[in-house]
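Analysis of the macromolecular model
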Amino acid sequence: MIKLDTSNVLISATEVTALKEASMKAQHELENGTCAGNDFLGWLHLPSSITPEFIAQLQATAQTLRENCDTVVVAGIGGSYLGARAVIEALGNSFAHLTHDGKNPTILYAGNNIGEDYLFELTELLKSKNFGVINISKSGTTTETALAFRLLKKQCEEQRGKEMARKVIVAVTDAKKGAARITADKEGYQSFIIPDNVGGRFSVLTPVGLLPIAVAGFDIARLVKGAQDMEAATAVSVPFEENPSAVYAATRNALYRNGKKIEIVVNFQPKLHYFGEWWKQLYGESEGKDGKGIFNAAVDFSTDLHSMGQWIQEGERTIFETVISVEQPEHTLLFPSDEENLDGLNFLAGKRVDEVNKMAELGTKLAHVDGGVPNMRISIPCLDEYNLGQLIYFFEKACGISGLLLEVNPFNQPGVEAYKKNMFALLGKPGYEKETEAVKARLN
Ligand code: PA5
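Cut-offs applied
Residues numbered from 1 in each chain as written. Predicted model: local features only at pLDDT ≥ 70, side-chain atom pairs only at ≥ 80, totals over all residues. Heavy atoms only, no water. Core = buried A, V, L, I, M, F, W, Y, C linked by side-chain atoms within 4.5 Å. Buried < 20%, exposed > 50% of the residue type's maximum accessible area, 1.4 Å probe, protein only. Helix = DSSP H or I, 4+ residues; strand = E, 2+ residues; numbered from the N terminus. Contact = heavy atoms within 4.5 Å. Pairing = 2+ DSSP bridges. Axes fitted to C-alpha atoms, helices over the stretch in contact; angles between N-to-C directions. Domains from an automatic or database assignment. Buried area = accessible area lost by both parts, 1.4 Å probe. Salt bridge = Lys/Arg side-chain N within 4 Å of Asp/Glu carboxyl O. Polar contact = N/O pair within 3.5 Å; in protein donor to acceptor, adjacent residues only side chain to side chain. Nonpolar A, V, L, I, M, F, W, Y, C, P; charged D, E, K, R; others polar. Near = heavy atom within 4 Å. Areas by Shrake-Rupley, 256 points an atom, 1.4 Å probe, with all protein chains shown as cover. 1 Å grid on protein atoms, 1.4 Å probe; cavity = no way out; pocket = protein on both sides within 12 Å on 5 of 7 lines; lining within 4 Å. Sits in = over half its atoms within 2 Å of the grid points.

**Comments concerning the nonpolar core**
Counting 112 residues, the largest nonpolar core has Phe-275, Trp-278 and Phe-395 as the members making the most contacts within it. For this core, the leading source of residues is helix 15 (residues 385-405), giving eleven residues. Setting aside residues no more than four positions away along its own chain, Phe-395 makes contact with Tyr-248, Phe-275, Trp-278, Trp-279, Leu-282, Tyr-283, Ile-324 and Ile-378. Among the nonpolar cores identified, the runner-up in size contains eleven residues, and Ile-262, Phe-268, Phe-301 and Val-323 belong to it.

**Things to note about the sheet that holds strand 7 (residues 262-267)**
Read from one edge of the open sheet, five strands run 1-10-9-7-8, paired in mixed fashion. Unpaired on one side and paired on the other, strand 1 (3-8) and strand 8 (295-300) mark the two borders of the sheet. Going across the sheet, the axis of each strand differs from the next one's by a mean of 20°, ignoring polarity. Here strand 7 runs beside strand 9 (residues 319-328); their pairing, made up of six bridges, is parallel. Within strand 9, the residue paired with Ile-262 across the bridge is Ile-319. Of the strands in this sheet, strand 1, strand 7, strand 8, strand 9 and strand 10 (375-382) touch helix 11 (residues 244-257), which is tilted by about 30° from strand 1.

**Description of the domain arrangement of the chain**
Domain parsing of the chain yields domain 1 (3-34 + 224-414) and domain 2 (46-218). Look at where the C-alpha atoms of domain 1 and domain 2 centre, and you get two points 29 Å apart. Tallying the contact residues gives 27 residues for domain 1 and 25 residues for domain 2. It is Val-224, Lys-271 and Tyr-274 that lose the most area in domain 1 upon contact with domain 2, and together they represent 31% of the buried surface on that side. Here domain 1 is connected to domain 2 by one salt bridge. A salt bridge links Glu-285 to Arg-201; the nearest nitrogen and oxygen atoms lie 2.9 Å apart. At the surface where domain 1 touches domain 2, the tally comes to eleven residue pairs in polar contact (both at pLDDT 80 or more). The biggest single contributor to the side of domain 1 that touches domain 2 is helix 12 (residues 273-287), with eight residues. For the side of domain 1 that touches domain 2, the residue count by class is 14 nonpolar, five polar and eight charged.

**Details of helix 9 (residues 207-215)**
An α-helix turns once every 3.6 residues. As a result, residues three or four positions apart point the same way. Summarising burial for helix 9: nine of the nine residues are buried, a large majority. Within helix 9 the residues assigned to the buried category are Pro-207, Val-208, Gly-209, Leu-210, Leu-211, Pro-212, Ile-213, Ala-214 and Val-215. Immediately downstream of helix 9, the backbone of Gly-217 shows phi near 105°, a positive value.

**A word on the site of the ligand**
Around the ligand, a shell composed of 13 residues is seen, among which Ser-80, Ser-137, Lys-138, Thr-142 and Gln-281 lie nearest. Note that an oxygen atom of the ligand is positioned 2.6 Å from one of the side-chain N or O atoms of Ser-137. Take Gln-281: an N or O atom from its side chain is 2.5 Å from an oxygen atom of the ligand. For the ligand, the accessible surface in isolation is 380 Å², of which the surrounding protein chains cover 88%. Given that more than half its atoms are within 2 Å of the pocket grid, the ligand belongs to the second largest pocket. When grouped by side-chain class, the residues that make up the shell around the ligand number one nonpolar, nine polar and three charged.

**Quick word on the pattern of salt bridges**
Applying the stated rule across the entire model yields 21 salt bridges. A salt bridge links Lys-154 to Glu-158, with the nearest nitrogen and oxygen atoms 3.0 Å apart. One end of the pair is Lys-154 and the other is Glu-158, both in helix 7 (residues 143-168) and four residues apart, which spans about a single turn. Here Lys-154 and Glu-158 have matching classes, each one exposed. As a salt-bridge pair, Lys-358 and Asp-354 come within 2.9 Å of each other at their nearest N and O atoms. Residue Lys-358 and its partner Asp-354 are located together in helix 14 (residues 353-370), separated by four residues, close to a single helical turn. Here the salt bridges share partners, and the residues they tie into one network are Lys-153, Glu-157, Lys-162 and Glu-187.

Shown next, in the form of structure tokens:
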């Protein structure tokens with residue numbers, strides 16, 4: 001199991017256990033479906049509800065894409081994209097996008113920005129590829145994703161022909177509503193449903209995450225197994241002290257109440273960069289509301305020790321860190337000895353790169369704790385599907401509990417609509433005439 005170490009959080013254990021009862025209450029509310037946002041609790045027992053037959057169905061579709069594509073573009077944004085990317089990048093070769101291994105399709109991403117150069121360059125690159133598309137949108141109407149999909153669909157049909165396009169375009173969307181559903185049904189695309197009661201940022205263990213992860217060549221059954229085991233390990237019947245999600249949720253809330261308003265999630269493995277992005281969205285969208293919420297940021301160490309490191313060590317003391325530590329890397333690389341020793345690094349000759357990395361991690365922890373930065377540490381044995389499955393469910397469960405401890409609805413995101421309304425008004429979207437007038441008046 002993953003391990004959570006809260007021995008360096010710089011607050012007393014009683015401040016955390018003071019939240020034990022509230023945390024148990026939150027867990028019971030989640031379990032009984034009596035909490036705020038209770039129409040979005042489908043993620044809670046999602047892992048244990050996934051059947052081998054469903055996994056086989058996903059794998060079969062993934063196989064069709066793998067057999068017919070050298071490149072697959074995953075179109076989606078926020079919860080409809082970050083979970084898949086987090087897992088694929090954590091498990092894949094760091095240079096997978098540059099080195100096609102002949103076994104697995106290259107996975108690219110679109111629909112998560114509106115950068116004209118990005119989309120232009122992507123469509124240029126795809127001209128020489130046998131590509132497919134997974135179009136992921138729960139609402140089926142998200143502008144960023146819909147715009148990218150319009151471009152990709154046209155290009156795929158023109159390049160590969162309508163018949164092949166129908167084979168290599170897959171939709172993951174709502175069962176009935178939204179443009180993505182209408183298009184999928186009309187064009188006869190293979191499609192998967194995002195359950196109504198699973199919000200975007202909690203959807204990585206639905207086809208939203210599982211299909212792209214399977215297409216990339218990873219073992220989704222092991223990922224689900226990890227999540228299932230964590231579902232059991234964080235069940236409402238597990239005592240507070242033994243439930244890592246409950247302890248993490250209570251600890252971060254105790255820190256927040258102590259004036260620690262910023263949480264950084266830290267990795268010492270570049271492959272976890274997108275896992276940090278996924279975490280950031282999960283917690284940021286779930287808790288930042290009603291004028292409350294810890295500000296979430298994700299950093300890559302030791303890279304960011306040379307940028308944000310100064311602020312973290314000596315800036316305003318409102319920050320704490322949660323380190324995701326990977327015990328064993330997949331590969332072994334030793335520093336060579338050098339006769340001349342011009343760089344003075346012979347004291348490291350024969351040592352593994354990871355040994356140096358681990359000392360950087362330990363040294364950073366000691367420095368940050370000395371600097372007044374509470375430190376939590378989550379360690380996982382290695383980066384594989386099983387451990388990532390555990391980690392995903394661990395954070396999801398903790399997020400649900402934590403949001404309820406904060407007394408917000410962790411499962412909505414009303415604030416995300418504000419920019420969309422203005423953007424549609426500015427673009428003159430039909431139905432937004434009144435808003436267009438109001439926005440124009442403001443800008444004049
Ligand atoms: O967590 C969320 O609900 C959001 O981040 C959504 O996933 C994101 O806005 C994309 O929405 P959709 O899947 O409807 O395109």
